[in-house]
Amino acid sequence: MLSPRPEPPPGARNLVLLVLDSCRYDSFMAARPRVMSQLGSVERRFSYASWTSPGHFNLLMGLLPHPSPQHVFASEYYKKELGGFAHRLGIDGMGLTDMIPRLWLPDFLRNRLGYHTRAIVSLPVLNPHTPINTDFDSFELADKHNDLAAMIPRLQFDEERPTFYLLNTGETHYPYATPDEPEDRWPRVHGVHGVFKRLGGGPLLAKTDAPARFDQDKLDILRKRQIRTVTHIDSVVEQLIDHLPKNTHLIITADHGELFGEAGYFGHGPINHDKVLEVPLVEGLI
Ligand SMILES: [Zn+2]
C-alpha cells in the first residue's frame, strides 16, 4: 500500500523519462532525428547494464547512462549525477543524501516530493507484476510492444502537483517494427524475442528456439530497420512534446544498446561488447 504524499515544493516540474528500448547510439545518430536533437545535445553515453531489467532498475535509481568519466571516483560521480535532478526538477538544494536510504527515484519523487508517479512500459519483462513497479501510483503494460503514439493520449497530468512518467517503448527493439507494419511482415530471427516467446508475453523461450546461425546480410537489414524506427519515433516525439504541459523536463535515452553481428553477437543480454552499452542521451525543458 502506498503512503500519503506531501505537498510538492513550489515550482517542481513534471519529469518524463522516455526509454527507447535497445536503441543503439549510432542507430540514433544515423537517423538524424530532427525533433529529438532540438531538445539538447545528443550525447554518447553508456548503460550500466546490457539488458532491460537491470537497465531500468538503474535508471529508476536516478542513474542515467554515464559518459565513462576518467580519473573520477564512482561515489563523486553519483553525487554529481543525482544532484543534477535538482536542476531537472526545478528544486533547489536536493542531492544524493535526499535519496537515502531507498535510493529509488519513484520513492523519492512520490513520498518525499509529492509527485504522481506513473509508468507505461512495452516490454513484457517489465510487466506490472515485477518489483520494478515499486512506488508507482500506476504502472501499465502497453497493448502493443511498439506504439509510443498510442501512449500519448493516455498520459495524465495534474495542475495541482507534478507528475513523473516512465515511458518504455519498443519500436527500436527487435524486430524494429513501426506500429503500422503488419506482424506477418516482421523479419523472423528465431529465438531473439527475449525471455518471452512472444513480445506480448506468453511462455518462456525453450532451448529449441535458439537460432542455429547468424546471417550477416539479414542482420544488416535489421540494423537499417532500427535506424528507420528512430526516424518514426522522432515524429512521434514531436506529438509527445505538443501534448506535454509546459515546464516538463523530458529525458530520452535507452536501457542498453544492440549488436548486429559485430564479434559474432546479435541482440543484447549476455554480451560483453561496447555496442551493447552505447546509448544516446538527450534531455531538455519543454
Ligand atoms: Zn531493453
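All values derive from a computational prediction rather than experimental measurement.

Draft legend 1. Broad picture of the overall build of the chain. Looking only at helices and strands, one finds eight helices and 11 strands in the chain. Computed over its C-alpha atoms, the radius of gyration of the chain comes to 19 Å, within 12% of the 19 Å expected for a compact globule of 286 residues. Among the 286 residues that make up the chain, the fraction classed as buried is 54%. Counting only carbon and sulfur atoms, one obtains 53% of the accessible surface of the chain, whose full area is about 13,400 Å². Charged side chains of the chain number 30 positive and 35 negative; the gap between the two group centres comes to 3 Å.

Draft legend 2. Structural context of the sheet that holds strand S4 (residues 138-141). Spatially, S2-S11-S8-S1-S5-S3-S4 is the arrangement adopted by the seven strands of the open sheet, whose pairing is mixed. Both outer strands of the open sheet, strand S2 (43-46) and S4, are each paired with one neighbouring strand and no more. Across the sheet, the axes of successive neighbouring strands diverge by a mean angle of 20°, strand direction being ignored. Strand direction decides the pairing type here: strand S3 (residues 116-121) and strand S5 (residues 163-169), joined by five bridges, are parallel. Bridging from a neighbouring strand, Ala119 pairs with Leu166 of S5. Contacts from helix H3 (residues 52-60) reach strand S1 (14-20), S5 and strand S8 (248-253) within the one sheet, and its direction differs from that of S5 by about 160°. Contacting S1, S3 and S5, helix H6 (residues 105-112) runs over the sheet at an angle of about 145° to S3.

Draft legend 3. Region of interest: the side chain of Thr163. Within the secondary structure, Thr163 sits in strand S5. The class of Thr163 is buried, set by a relative accessible area of 0%. Once you skip the residues sitting within four places of it in the chain, Thr163 turns out to touch Asn14, Leu15, Tyr115, His116, Arg118, Gln156, Phe157 and Asp158.

Parameters at a glance
- Along each chain, residue indices are assigned from 1 in the same order as the chain's sequence is written.
- Per-residue local features of the predicted model are confined to residues with pLDDT of at least 70, and side-chain atom pairs are confined, for both listing and counting, to 80 or more; whole-chain, interface and lining totals are unaffected and use all residues.
- Processing note: side-chain calculations cover all non-hydrogen atoms of the structure and skip hydrogens and water entirely.
- Helix and strand labels come from DSSP, where a helix needs a run of H or I of at least four residues and a strand needs a run of E of at least two; each type is numbered from the N terminus.
- Each radius of gyration reported is based on C-alpha atoms, and the globular scaling rule is 2.2 Å times the count of residues to the power 0.38.
- Only protein chains enter the accessibility calculation, which uses a 1.4 Å probe; a residue whose area is less than 20% of its type maximum is buried, one above 50% is exposed, and one in between is partly exposed.
- Only the protein chains shown count as covering a residue, and every accessible area follows the Shrake-Rupley method with a 1.4 Å probe.
- Within this scheme the basic residues Lys and Arg register as positive and the acidic residues Asp and Glu register as negative, but His and the chain ends are omitted.
- By convention, the point assigned to a charge is CZ for Arg, NZ for Lys, CD for Glu and CG for Asp.
- Any two strands are treated as partners once DSSP identifies two or more bridges connecting them.
- Lines fitted to C-alpha atoms define the axes here, with helix axes fitted over just the stretch in contact, and angles between the N-to-C directions of these axes take values from 0 to 180 degrees.
- Contacts are residue-level and defined by heavy atoms, with any inter-residue pair within 4.5 Å sufficient.

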